[in-house]
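# Structural overview
Residue strings, one per chain:
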Amino acid sequence: MPDFLAENNVCGQTILQLVSRGNAIIAELLRLKDYIPQTYRLSTKEDVQKYGDIIMDFSYFKIEEAQNHKIENSELLQDIDEEFRDNHIEMINRFYLTFESIHTYVTDLNHFLEELEEGFFIHQSLETIFADMEGKQLLCEALYLYGLMLLIIDAYVEGPIRERLLVSYYRYTPQRSDTQSRIDDVCKLLRDTGYNTVRKPNNYPEDYFRRIPVKSTYVDIVIGHLRSDDIYGQLSVYPLPKHRSTALAHQASMLYVCLFFSTNILHSQTAIMREIVDKYFPDNWVISVYMGFIVNLAETWEPFKAAKLALNNTLETVNIKGYASSYGGSVLQLLKASNLKLKEGNITKDNLLKDVNNIINLLRDCNFTIRWLMLHTIIKPGKGDKNKKLKQLRELVVTESKLEQVQLFKLLLNTAQLELITRDIYKNLLTEKENQWRDLKEESFKSLVELSEVFSGTKPLTRIQKNENLQQWFLEISKQVESVSQDDGASSRKIVQLIQALEEVQEFHQLGSNMQVVQFLSETRKCLHQMIRNMNIKEDILITMQIVGDLSYAWELIDSFTPIMQLGIKREPTLVIKLRAIFLKLSSALEVPLLRINQAHSEDLISVSQYYSSELEIYVRKVLQIIPKMMFEKMARIIEIQTSILKELPTRLDKDKLKDYAQLSERFEFAELTHSISVFSQGMRMMKSTLVGVICLDPKQLLEDGIRKELVQYISKALHSVLIFNSKPKPEELEQRLTSLGQIMDGYKRSFEYIQDYININGLKIWQEEVTRIINYNVEQECNGFLRNKIHTWESAYQSRHVPIPIYPSTDNVSENFIGRLAREIIRLTDPRQSVYLDQTSSWYDIRSHKPILNKESIALMASAIEISGLVGLDRLFSFMIVSNLQKLSGFLENKNAKTNSWYNVLSSIHKDISTVDNVQNPIKFYQNCINRTTKIWNDFLDCILLVGQLQLLRNLIAFHLNKSCKFNAKNLESSLRSLNKALLLDITNGKYYPSEDLMSTLSHYFDYSGLNNPFNKIYITSSFDDNHAITVFIFVIAHLNKIFLLRQLGNMNKRSVDQIDGTAFAAAVHTVIKQFHNKLNDSFIKLLASYITQLTRYSISAKASELPLEVSLAMNFLETYTNYSESSRKCVRETIPEEILHLQQTLISPSG
């Protein structure tokens, strides 16, 4: 029969591809279990309240029309629904495709079985495939993998969550005619089973496995072969009867899953179940089904009468005590034997060739014992026993085995080391086998030829007489040696005969009297012995070691040894070298899911191996993280000594004070801590580069990543815990917190700088990169509040799986994190209603106490606390806030936000009046009438305006500090950037050069950090031009002229009344709003104000008033501040307002200021 897996065998390739796909689906399920959107759990009241109407289970299908109508009729629900869809559609699609692939898998399996029955595959039937070893394995695996998918998805993606995800997909994705029936079938297959409820449903999991029936004949044949055959030929690897359950463990787990397709056996076939338990579970009841997915038969077979009855024999207390004491007792013996083998010099190439079988037997016993004890005494970290019975069984085993976890771990460590050393040496022997054989053969041949020459009498050798018979005999023997071949099985027997002949010739011909001849014969025999051993070097030994050393059952259980490993590293950092053997042993578990994928040459090989390798990499990093953790714990004391204990040496020191400054004991402790840190880092570096799956772990990189991780934890904690503010804003509190944070950050920075040379890392680079990453990530998450399409944590460019930035819960229900709290605290302190900004000092002052609230020094203090990147992040957050408020203002202007018609009705009539009236008889009365009509519509508009102005002033102050710092610390860079900026602007203005978006984006990043961005010139949003907007803003400004307070000098602050607002913030905001539109709008606005000023002035003169109206002075003051932000505005004012009025303004003393 041709090879079943040959590429031209369509039947074999079809089933192989299906099994390969099954392994890939399981890997995707395991990957996705960590990416279930938290909202789908509806675990909090807030989530239920907000998303309850849009995230629904299958109950949605009963009320589909009514529910859709409810969402369509609610603007709020529509917004939430659209935002939720935009943010989660990618993950919903991915989950659905995985769910659909399970359905497709079983459909394709059934289709394959139908085609097989119909004779589609020539000369192939179920019977012929099961007669082939590979075919039998694949057909059994196909059913097993389908059952496994159902169990895994029910364990990791709970039923209600599956239903909600499927409903979301149904609602958010336009259904094609060809997928409509498919989604119905997927929903039927994966609807909630009730598995995760407190009380398990009846008939679970048989009803679940029956949802899509699989051909019963096929199921029966699979179960029959799994019951009776050794389908993987494992018994030859485990010759001893006591190892039988371990030899058949994988087959047993397949049988366990497949039995759920034929639950009649579990319920009522007592004889069959007794046979299964006697063969597969005589001494074990906890099994690993797939890559550490553990099940306890005492629990899962509880509802099945026949299965429970059959298992009772295994679970009898006497039997359990016997197994436990036997396995527990053998641990110490195996530890002793493995320690002996691992002694320096015990395993050499020669010793290994002599002793390989004993070593394999020892490894077999060790792995067998470790497997049983790990499965029956350890539970997955974070999980508990599901019921009292399981707990009692486990505790009984622990008690009777009299075993501590540390001893079991030591045995695992010894076993892994012994395997690694043996494997490495044996691989070398295998590689050198050809050369070694050739050298030994040549040496033996030459020795024998030389002996032949000695007895010829031609070669002088002390007291050796000529002997032609011996000469001919040795010559003949040398020819025999030359004729042997290592590929010929009979050669070993021939070599044994040659050795015997050489022993006999020495004895019968009395050659023992000549020591040189004896030496020759002895060396020749030794070479021949080595040739026999060399012939026995076969790859079978490595395959046996691979099978025996399988650790896939402990893929998750190994985590229970993590505290033991970390404690060992704490005591002796060089333990890392030995732990490498365990990590390599774990990586061999990847063979299980990848074997069929590799055989099928599937494209899934890379993604699946990447997934399992990265999971293992994360575990290795978790274990080794103790080294950076210990380093940072010691560094905390170094920080304390550096900042608080050690006195700084003055430039001149009195002799009698020398002892006080010496601080010998403190300096000794300081040196001791430094040394211990270097020892820890050395321990990590001693581990060789290790390939786990497809990922290579470099110890230097692991150490650096670990240090980064600890640094990120410490900095994030400091930023989170210090930057928490009281509900009532206090300037002193902000200063205190920033000072405190600055000291903490400086302490970390100094100690990091001090220690970097002792552990051979670039401390400053790591510090700057990680602080910048923390700030950027937190700013990004804070800015999510202003975005419709939010950036999830797993999507963020700043978040890392290896060096994660911790996420802390919100402390004020408004801000996501510390950067938001800091930004909102600054906004509260500089509120334009409670404070006033003085341009000359760039400071905000409290209107009651007249004390400075925030100034340049405050920004410098912030920079010392949150670094330059923190200021840039704060600036970016303020930009988002400005954009958000400008969008609201734009909505007001374009009448998008108005829930009533009052805004539109009032302003449209005013637009009409102002546009049509050229010459107003009584301008004071006319404009006052306009103001009175708009009194009630400005509240929300004013709030947004004031916030925009306030944020613009803050951004301006931050840009000033950034630019000053850049000039001071990087003068050449600042000059280059400034020149480049001017050159680009000039070229763009003249139409000579239009830079690419990439260049602009890169330069923008540099300009942000160097403070070369002027916030007052920035276009934040795109808006359509409408001349009526100028009238709206104009009416808004003149309506508030009496309320704004423009501070010209500090002494005039007393003149401000309580209900007035900061005029500088007001003017900056008006400038910013108008800047978002075409320049014509600015001209129109200034012309309207100029006309207002001119008309009021003329009317006042015609009425023969002794002084100008107050409105004129206020408007002129406003324009004076407004034009500070743009040269074009100042030019327009000069052109539109008569010179006499401008001159008069210079001499007038403003009432407000």
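As recorded in an unreviewed UniProt entry, the chain goes by WASH complex subunit strumpellin and comes from Asbolus verrucosus. The heading Sequence similarities (unreviewed entry) in the UniProt record of the chain holds the text "Belongs to the strumpellin family."

## Side note on the overall build of the chain
For the chain, the helix and strand inventory stands at 47 helices and nine strands. Projected onto its principal axes, the C-alpha positions of the chain cover 150 × 90 × 65 Å. Per-residue burial over the chain gives 52% buried out of 1153 residues. The long-range fraction of contacts in the chain, counting pairs at least 24 apart against all pairs at least 6 apart in sequence, stands at 78%. Total accessible area on the chain stands at roughly 55,600 Å², and carbon and sulfur atoms take up 50% of it.

## Notes on the nonpolar core
If you look at the biggest cluster of nonpolar residues, it comprises 337 residues, and the most contacted ones within it are Trp301, Tyr612, Phe1066, Phe1085 and Phe1118. Sort the elements by how many residues they give to this core and helix H36 (residues 856-893) lands first, with 16 residues. What Trp301 contacts, discounting residues up to four positions off in sequence, is Tyr256, Leu259, Leu266, Met273, Val277, Phe281, Ala307, Lys308 and Leu311. In this structure, Leu448, Val484, Ile499 and Val517 belong to the second largest nonpolar core, which totals 23 residues.

## Quick word on the pairing of strand S6 (residues 843-846)
Note: strand S5 (residues 835-838) against S6, four bridges, orientation antiparallel. The residue bridging Leu838 from the neighbouring strand is Ser843, located in S6. Counted along the chain from S5 to the antiparallel partner S6, the turn is four residues long, and its residue Ser842 has a positive phi close to 50°. A loop of five residues connects S6 with strand S7 (residues 852-854), the two strands running antiparallel in sequence, and His850 in this loop sits at a positive phi of about 65°.

## Focus on the pattern of salt bridges
A complete count under the given rule lists 44 salt bridges for this structure. The shortest N-O distance in the salt bridge between Arg708 and Glu704 comes to 3.0 Å. One end of the pair is Arg708 and the other is Glu704, both in helix H32 (residues 699-722) and four residues apart, which spans about a single turn. One exposure class covers both Arg708 and Glu704, and it is buried. Salt-bridge contacts for Glu733 lead to Arg737; the nearest nitrogen and oxygen are separated by 3.3 Å. Pair noted here: Glu733 and Arg737 are both in helix H33 (residues 731-759), with a separation of four residues, about one helical turn. It is possible to trace a salt-bridge network through shared partners that takes in Glu704, Arg708, Lys765, Glu769, Glu770 and Arg773.

## Remarks on a nonpolar patch on the surface
On the surface, Leu649, Leu653 and Leu658 cluster together into a nonpolar patch covering about 270 Å² of accessible area. Looking at where Leu658 falls in the secondary structure, it is placed in helix H30 (residues 658-662).

## Focus on the state of the cysteines
By definition, a disulfide is the covalent link that joins the sulfur atoms of two cysteine residues. This structure, assessed with the given rule, holds zero disulfides. Free cysteine: Cys11, not disulfide-bonded; nearest cysteine sulfur from Cys140 at 14 Å. A residue is classified by how much of its surface remains accessible, and Cys11, at 2% relative accessible area, is buried.

## Let's talk about helix H26 (residues 575-587)
The terminal C-alpha atoms of H26 lie 19 Å apart, and with 13 residues this matches the ideal 18 Å at 1.5 Å per residue to within 8%. For H26, the buried fraction is high: eleven of the 13 residues fall into the buried class. All of the buried residues along H26 are Leu575, Val576, Leu579, Arg580, Ala581, Ile582, Phe583, Leu584, Lys585, Leu586 and Ser587.

## Quick look at the packing of helix H31 (residues 664-685) against H33
At their nearest, the axes of H31 and H33 sit 9 Å apart, and the two run at 50° to each other. One element, H31, and the other, H33, form an angle in the oblique class. The chirality of how H31 crosses H33 is right-handed. When H31 is examined against H33, the residues Phe670, Thr674, Ile677, Ser678, Ser681 and Arg685 are found in contact with a partner set consisting of Tyr754, Ile755, Tyr758 and Ile759. Split by residue class, the contact of H31 with H33 holds six nonpolar, three polar and one charged.

## Remarks on the sheet that holds S6
The antiparallel open sheet is built from three strands, whose spatial order is S5-S6-S7. Of all strands in the sheet, those with a lone pairing partner are S5 and S7, marking the two edges. Taken pair by pair, the neighbouring strands of this sheet meet at an average axis angle of 40°, ignoring direction. As defined by bridge partners, S6 adjoins S7 across two bridges and the pair is classed as antiparallel. Paired with Trp844 across the bridge in S7 is Leu854.

## Examining the packing of aromatic side chains
For the structure on display, the rule yields 46 aromatic pairs. Geometrically, the ring pair formed by Tyr60 and Tyr170 is edge-to-face, given 6.5 Å between the ring centres and 70° between the ring planes. Here Tyr60 is found in the loop between helix H2 (45-51) and helix H3 (64-72), whereas its partner Tyr170 is found in helix H7 (residues 159-172), with 110 residues between them in sequence. Aromatic pair Tyr754 and Tyr758: ring centres 5.5 Å apart, planes at 50°, arrangement tilted. Pair noted here: Tyr754 and Tyr758 are both in helix H33, with a separation of four residues, about one helical turn. A relative accessible area of 44% places Tyr758 in the partly exposed class. Within the aromatic cluster, the residues linked to one another by ring pairs are Tyr146, Tyr195, Tyr204, Tyr208, Phe209, Tyr256, Phe260, Phe261, Tyr280, Phe281, Trp301 and Phe304.

## Remarks on the environment of Leu150
Counting through the fold element by element, Leu150 comes out in helix H6 (residues 133-156). Considering only alpha carbons, one finds Leu150 and Pro174, 24 residues apart in sequence, at a separation of 27 Å. Contact partners of Leu150, with chain neighbours within four places excluded, come to Ile102, Leu189, Tyr208 and Phe209.

## As for the environment of Glu997
Along the chain, Glu997 falls in helix H41 (residues 997-1010). Exposure remark for Glu997: the relative accessible area of 72% places this residue in the exposed category. Separated by 785 residues in sequence, Glu997 and Ile212 have C-alpha atoms that sit 54 Å apart.

## A short note on the packing of H33 against H36
As a packed pair, H33 and H36 sit with axes 7 Å apart at the nearest point and diverge in direction by 40°. Judged by the inter-axis angle, H33 sits oblique to H36. Here H33 runs over H36; the crossing is left-handed. Listed contacts from H36 to Glu735, Leu738, Thr739, Leu741, Gly742, Met745 and Lys749 of H33 are Ser858, Leu861, Met862, Ser864, Ala865, Ile866 and Glu867. Across the contact of H33 with H36, the residue classes tally to seven nonpolar, four polar and three charged.

## A few points about helix H38 (residues 923-933)
Pro923, Phe926, Tyr927, Cys930 and Ile931 are the residues of H38 that are buried. The buried residues of H38 occupy an angular sector of 135° when the element is viewed end-on, so they sit on one face.

## Side note on the environment of Ile80
Here Ile80 is to be found in helix H4 (residues 75-118). Each C-alpha atom, one on Ile80 and one on Tyr51, is 7.7 Å from the other, the two residues being 29 residues apart in sequence. When residues no more than four places from it in sequence are discounted, the contact partners of Ile80 are Lys50, Tyr51 and Ile54.

## Let's talk about the side chain of Arg371
Looking at the element boundaries, Arg371 is found in helix H18 (residues 349-377). For the buried Arg371, which has no salt bridge, the nearest side chain bearing the opposite charge is Asp550, at an N-O separation of 4.2 Å. Among residues more than four places away in sequence, those in contact with Arg371 are Thr246, Ala249, Asp550 and Tyr553.

## Side note on unusual backbone geometry
In this chain, Tyr204 is followed by Pro205 through a cis amide linkage whose omega measures 5°. Assignment of secondary structure puts Pro205 in the loop between helix H8 (177-190) and helix H9 (206-209). The backbone of Met291 sits at a positive phi, close to 45°, despite the residue not being glycine. Along the chain, Met291 turns up in the loop between strand S1 (286-290) and strand S2 (293-296). Judged by its relative accessible area of 5%, Met291 is buried.

Reading the values: rules and limits
- Residues numbered from 1 in each chain as written.
- Predicted model: local features only at pLDDT ≥ 70, side-chain atom pairs only at ≥ 80, totals over all residues.
- Heavy atoms only, no water.
- UniProt positions renumbered as here; feature names shortened; annotations may be inferred.
- Helix = DSSP H or I, 4+ residues; strand = E, 2+ residues; numbered from the N terminus.
- Buried < 20%, exposed > 50% of the residue type's maximum accessible area, 1.4 Å probe, protein only.
- Contact = heavy atoms within 4.5 Å.
- Areas by Shrake-Rupley, 256 points an atom, 1.4 Å probe, with all protein chains shown as cover.
- Core = buried A, V, L, I, M, F, W, Y, C linked by side-chain atoms within 4.5 Å.
- Pairing = 2+ DSSP bridges.
- Salt bridge = Lys/Arg side-chain N within 4 Å of Asp/Glu carboxyl O.
- Patch = residues over 30% accessible without salt bridge, like charges linked within 9 Å, V, L, I, M, F, W, Y side chains within 5 Å.
- Disulfide = S-S within 2.5 Å.
- Expected span 1.5 Å × (residues − 1).
- Axes fitted to C-alpha atoms, helices over the stretch in contact; angles between N-to-C directions.
- Parallel < 35°, antiparallel > 145°, perpendicular 65-115°, else oblique.
- Left-handed = near helix turned anticlockwise from the far one by under 90°.
- Nonpolar A, V, L, I, M, F, W, Y, C, P; charged D, E, K, R; others polar.
- Phe/Tyr/Trp six-rings, centres within 6.5 Å; stacked < 30°, edge-to-face > 60°.
- Arc of directions from axis to C-beta.
- Lys, Arg positive; Asp, Glu negative; His and termini not counted.

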